[in-house]
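Spelled out, the chains give:
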Amino acid sequence: MPDKPQHRITQPGPLHDERGRLTQRGYATSLLLQYDRSRVAASPLRIKEWDYYYIGNDSFGLTLTIDDNGYMSLDSISLLDFDAKWEQTTSRMGFMPLGRRKLPTTSARGDIDVSGRGYEMHFKNDGLRRSLYGSMQNFRGTDAISFDITLTDAPRDSMVIVTPFAKDEKAFYYNQKINCLRAEGRVLFAGREYLFSPATSFAVLDWGRGVWTYENTWYWGSASGIAQGRRVGFNVGYGFGDTNAASENMVFVDGVAHKLSQVTFNIPMKNGQEDYLSPWTFTSDDGRFEMDFAPILDRAACTDAKLILSDQHQVFGRYSGRMILDDGSALEVKNLTGFAEKVHNKW
């Protein structure tokens with residue numbers, strides 16, 4: 001049985017009061033609270049802001065990241081081929097952006113333009129469509145990559161959560177995940193054209209703004225696609241902050257959110273370590289999310305600079321199982337392509 005009720009935020013207002021304290025904690029299905037960087041009580045060195053997109057279908061995927069993490073920036077592109085089971089990730093880092101990248105204060109509209117030696121990335125959002133385009137030289141060896149993607153048909157509901165951190169009153173995470181965006185466009189790499197069709201290709205936006213504690217681990221799972229003729233997606237996760245007010249677990253069916261309680265990632269172990277490429281399972285305390293996950297490839301990266309650590313495993317694969325909607329009906333999914341990740345950071 002679920003442990004306790006979850007607090008739903010229903011009224012708009014500022015995310016922080018004049019003293020930099022969170023005005024509300026809990027979840028919502030739209031970005032009701034207004035993020036204002038000037039009200040954040042912590043040092044600009046600690047403020048972390050990012051827009052992350054995953055665009056994919058059953059055969060290939062693309063991830064795009066633009067970060068302003070206070071003391072460092074990160075721009076990253078990943079191309080994933082599920083049929084051939086390979087991936088390439090190339091990132092460019094900068095020093096001390098401190099908010100000068102001016103990431104939008106809302107996901108509803110706003111543009112981000114970044115560039116550096118041998119690359120450029122553009123995220124344009126006029127409120128109706130999102131245009132993601134750019135290029136990077138020497139993406140893999142001497143091969144360049146370019147991409148031009150348009151995202152449309154945003155669903156009515158999304159996952160929004162306001163998470164405090166019990167050990168640091170200045171720390172918080174304000175996060176929105178928009179699943180099931182329809183994707184159209186192409187990626188050019190190494191003489192091949194990867195085409196995204198809106199009938200079979202979907203995207204998720206991870207929009208994050210916050211101040212984090214130094215060391216934390218998170219788990220995140222997401223998928224978007226078609227199941228039983230309906231547009232279906234979900235967001236599941238946990239692992240950091242004080243989630244007593246609400247979890248971030250939601251199912252989306254034809255644009256409508258169905259709130260879940262707690263979901264657990266069961267990652268198989270081998271010789272005392274996680275065996276990421278063996279089958280996983282997902283279980284829930286309310287029985288509403290029971291899923292098998294068959295991995296295809298692990299986008300793994302580990303950077304250990306002692307004071308700064310990032311150990312990431314983003315595993316792409318197929319979900320099969322059952323989700324129980326708010327009206328008690330069951331929705332079965334089979335081989336729904338998505339990902340599940342475990343990330344440990346010191347930052």
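Small disclaimer: the values here were computed from a predicted structure and weren't measured.

Is there a simple way to explain the packing of aromatic side chains in this structure?
For any pair of aromatic rings, geometry is given as the distance between the ring centres together with the angle between the planes. Following the criterion strictly, the structure yields 37 aromatic pairs and no others. With 5.7 Å between their ring centres and 45° between their planes, Trp50 and Tyr173 make a pair best called tilted. Of the two residues, Trp50 is situated in strand β4 (residues 47-56) and Tyr173 in strand β13 (residues 168-189); the sequence distance between them amounts to 123 residues. Under the relative-accessibility criterion, Trp50 is labelled buried at 7%. In textbook terms, an aromatic cluster arises when at least three aromatic residues are bridged by ring pairs, as seen for Tyr219, Phe234, Tyr238, Phe265, Tyr276, Trp280, Phe282, Phe289, Phe293 and Tyr319. Directly above the aromatic system of Trp347 lies the positively charged group of Lys48, at a separation of 4.4 Å from the ring centroid. Here the guanidinium or amino end of Arg140 rests over the ring plane of Trp86, the centre of that ring lying 5.1 Å away.

When you look at the pattern of salt bridges in this model, what are you seeing that I'm missing?
If charged atoms from side chains of opposite charge come close, those side chains can pair. Across all of its chains, the model carries 17 salt bridges by this definition. Ionic pairing is found between Glu248 and Lys177, a salt bridge with its closest N-O pair at 3.4 Å. Of this pair, Glu248 sits in the loop between β17 (230-238) and β18 (250-253) while Lys177 sits in strand β13, and the two are 71 residues apart along the sequence. Summarising the burial analysis for this pair, Glu248 and Lys177 share the class buried. In this structure, the salt-bridge partner of Lys342 is Glu274, at a minimum N-O distance of 2.5 Å. Pair noted here: Lys342 is in strand β26 (residues 330-346) and Glu274 is in strand β22 (residues 273-274), with a separation of 68 residues, a long-range link. With a relative accessible area of 17%, Lys342 lands in the buried category. Accessibility expressed as a relative area gives 29% for Glu274, which makes it partly exposed. Several salt bridges converge on common partners, so that one network encompasses Asp153, Arg182 and Arg231.

What am I meant to see in the environment of Ala42 here?
Mapped onto the elements of the fold, Ala42 is located in the loop between β3 (33-34) and β4. Spatially, the C-alpha atom of Ala42 lies 7.6 Å from that of Ala171, the residues being 129 residues apart in sequence. Not counting residues within four places of it along the chain, the set of residues in contact with Ala42 comprises Ile47, Lys170 and Val211.

Got a minute to help me understand the nonpolar core in this structure?
Across soluble globular proteins, you tend to see nonpolar side chains buried next to one another. Core analysis: the biggest nonpolar cluster contains 66 residues, and Ile55 and Leu62 have the highest contact counts within it. In contact with Leu62, not counting residues within four places along its chain, are Tyr53, Tyr54, Ile55, Ile77, Ser78, Leu79, Leu80, Phe147, Ile149, Val187 and Phe196. Membership of the second largest hydrophobic core comes to 26 residues, among which are Ala223, Phe234, Val236 and Tyr276.

I tried to follow the pairing of strand β10 (residues 130-140) on my own but got confused; where do I start?
Sheet faces and side chains relate simply in a regular strand, where the side chains alternate between the two faces. In this structure, strand β9 (residues 119-125) lies alongside β10, joined through seven bridges in antiparallel fashion. Each residue of the ladder has a partner; that of Tyr119, found in β10, is Met136. Linking β9 to β10, which pair antiparallel, is a turn of four residues; within it Gly127 sits at a positive phi near 100°. Examined bridge by bridge, β10 and strand β11 (residues 143-152) share eight bridges and lie antiparallel to one another. In the strand pairing of β11, Tyr133 is matched with Asp148. Between β10 and β11, which pair antiparallel and follow one another directly, the connecting turn spans two residues, one of which, Gly141, has a positive phi of 65°.

Calculation criteria
Residues numbered from 1 in each chain as written. Predicted model: local features only at pLDDT ≥ 70, side-chain atom pairs only at ≥ 80, totals over all residues. Heavy atoms only, no water. Phe/Tyr/Trp six-rings, centres within 6.5 Å; stacked < 30°, edge-to-face > 60°. Helix = DSSP H or I, 4+ residues; strand = E, 2+ residues; numbered from the N terminus. Buried < 20%, exposed > 50% of the residue type's maximum accessible area, 1.4 Å probe, protein only. Lys NZ or Arg CZ within 6 Å of the ring centre and 35° of its normal. Salt bridge = Lys/Arg side-chain N within 4 Å of Asp/Glu carboxyl O. Contact = heavy atoms within 4.5 Å. Core = buried A, V, L, I, M, F, W, Y, C linked by side-chain atoms within 4.5 Å. Pairing = 2+ DSSP bridges.

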